[in-house]
Amino acid sequence: MKHIKTFYSIEMETRHGTVFVEGPVPHEQLHEYTFHDGLVAFRPPQQQKKALVEIAQLEEGRIIIIRNDNVVVGYVTYLYPDPLERWAEDRIDNMIELGAIEVVPQFRGTGSGKKLLEVSFMGDEMEDYLVITTEYYWHWDLKGTGLNVWDYRKMMERMMSSAGFEYFATDDPEITSHPANCLMARIGKRVQPDTLERFDRLRFRSRFMY
């Protein structure tokens, strides 16, 4: 499959000034930006920058960012599922995973997360993809937001549904290990039935769960 990457950029006014939400950002451009010190959800900012530059170099990799001048204050990543996860056991060419989404605390509550998703799916090529996301409560910033696990999940569901993501049941042990965890997916308009059948087989291992 040829992975088309059509670049989009929108300007957004926030209480901290004007930001640009844009992507997919080429790895060369991403390398020129500074990552905000508050981007620490997964690893220190410099290590996260290195990881995102590597994702952007992948044929299927897509990085959408929020930048305040030359400082990245938020991002979302898309790439093939991790080889160690169930979702990679059947390598579906047009199934990619929203791997991470992060916005620094100062820019939360500004609609930044929804804008990242909006720009992510502006390109018509995204209608060829089945995009999945696995939401695990242990990745959520409950302390920083002051939300309990259920309110945080509701917030995540609202944000994801704004871009067309829907909830899907699964018997994956990591997801079923806590009731707040969930699997969501966005099915592009041109995704074929055979792709969805393969996705269904990945979702369920135990027949009684069908």
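Residues numbered from 1 in each chain as written. Predicted model: local features only at pLDDT ≥ 70, side-chain atom pairs only at ≥ 80, totals over all residues. Heavy atoms only, no water.

A short note on the pairing of strand β2 (residues 17-23)
Logical step 1: Alignment of strand β1 (residues 8-14) against β2, held across seven bridges, turns out to be antiparallel. In the strand pairing of β2, S9 is matched with E22.
Logical step 2: Between the antiparallel neighbours β1 and β2 lie two residues. (Pairing = 2+ DSSP bridges. Helix = DSSP H or I, 4+ residues; strand = E, 2+ residues; numbered from the N terminus.)

Details of the pattern of salt bridges
Pairing between side chains of opposite charge can happen when their charged atoms approach one another.
Logical step 1: In this structure the tally under the stated criterion is 14 salt bridges.
Logical step 2: With a closest N to O distance of 2.7 Å, D90 and R198 form a salt bridge. Remark: R198 occurs in helix α7 (residues 193-203) and D90 occurs in the loop between β5 (71-79) and β6 (95-103); sequence separation between them is 108 residues.
Logical step 3: Of the residues examined, D90 reaches a relative accessible area of 23% and is grouped as partly exposed.
Logical step 4: Here R198 falls in the partly exposed class, since its relative accessible area comes to 24%.
Logical step 5: Through salt bridges with shared partners, one network takes in R86, D171 and D172. (Salt bridge = Lys/Arg side-chain N within 4 Å of Asp/Glu carboxyl O. Buried < 20%, exposed > 50% of the residue type's maximum accessible area, 1.4 Å probe, protein only.)

As for unusual backbone geometry
Logical step 1: A cis amide bond links G23 with the next residue in sequence, P24, at an omega value of 0°.
Logical step 2: Its location among the elements puts P24 in the loop between β2 and α1 (27-32).

Remarks on the side chain of E127
Logical step 1: Topologically, E127 is positioned in the loop between α3 (112-120) and β7 (130-135).
Logical step 2: You can call E127 buried: its relative accessible area is 10%.
Logical step 3: Within the structure, E127 has its side chain in polar contact with the side chain of R186 (distance 2.9 Å).
Logical step 4: Not counting residues within four places of it along the chain, the set of residues in contact with E127 comprises R186, G188, K189, R190 and V191. (Polar contact = N/O pair within 3.5 Å; in protein donor to acceptor, adjacent residues only side chain to side chain. Contact = heavy atoms within 4.5 Å.)

Things to note about the layout of surface pockets
Logical step 1: Approximately 1300 Å³ is the volume attributed to the largest pocket.
Logical step 2: The wall of the largest pocket is formed by 46 residues, among which F42, A100, I101, E102 and H139 lie closest to the centre.
Logical step 3: Sorting the residues of the lining of the largest pocket by element identifies α2 (45-57), β5, β6, α3, β7 and α5 (149-161) as the ones contributing at least two each.
Logical step 4: A total of seven residues in the lining of the largest pocket trace back to one element, the largest contributor, which is β6.
Logical step 5: Here the lining of the largest pocket is composed, by residue class, of 23 nonpolar, 13 polar and 10 charged. (1 Å grid on protein atoms, 1.4 Å probe; cavity = no way out; pocket = protein on both sides within 12 Å on 5 of 7 lines; lining within 4 Å. Points joined across faces, edges and corners; volume = space filled by probe spheres on them. Nonpolar A, V, L, I, M, F, W, Y, C, P; charged D, E, K, R; others polar.)

A short note on the nonpolar core
Logical step 1: Formed by 49 residues in total, the largest nonpolar core has its most connected members in L30, Y78, L98, V131 and M160.
Logical step 2: Residues within four places of L30 in sequence aside, it is in contact with V25, F35, K49, L52, V53, A56, I63 and I65.
Logical step 3: Among the nonpolar cores identified, the runner-up in size contains 13 residues, and Y136, L183, V191 and F199 belong to it. (Core = buried A, V, L, I, M, F, W, Y, C linked by side-chain atoms within 4.5 Å.)

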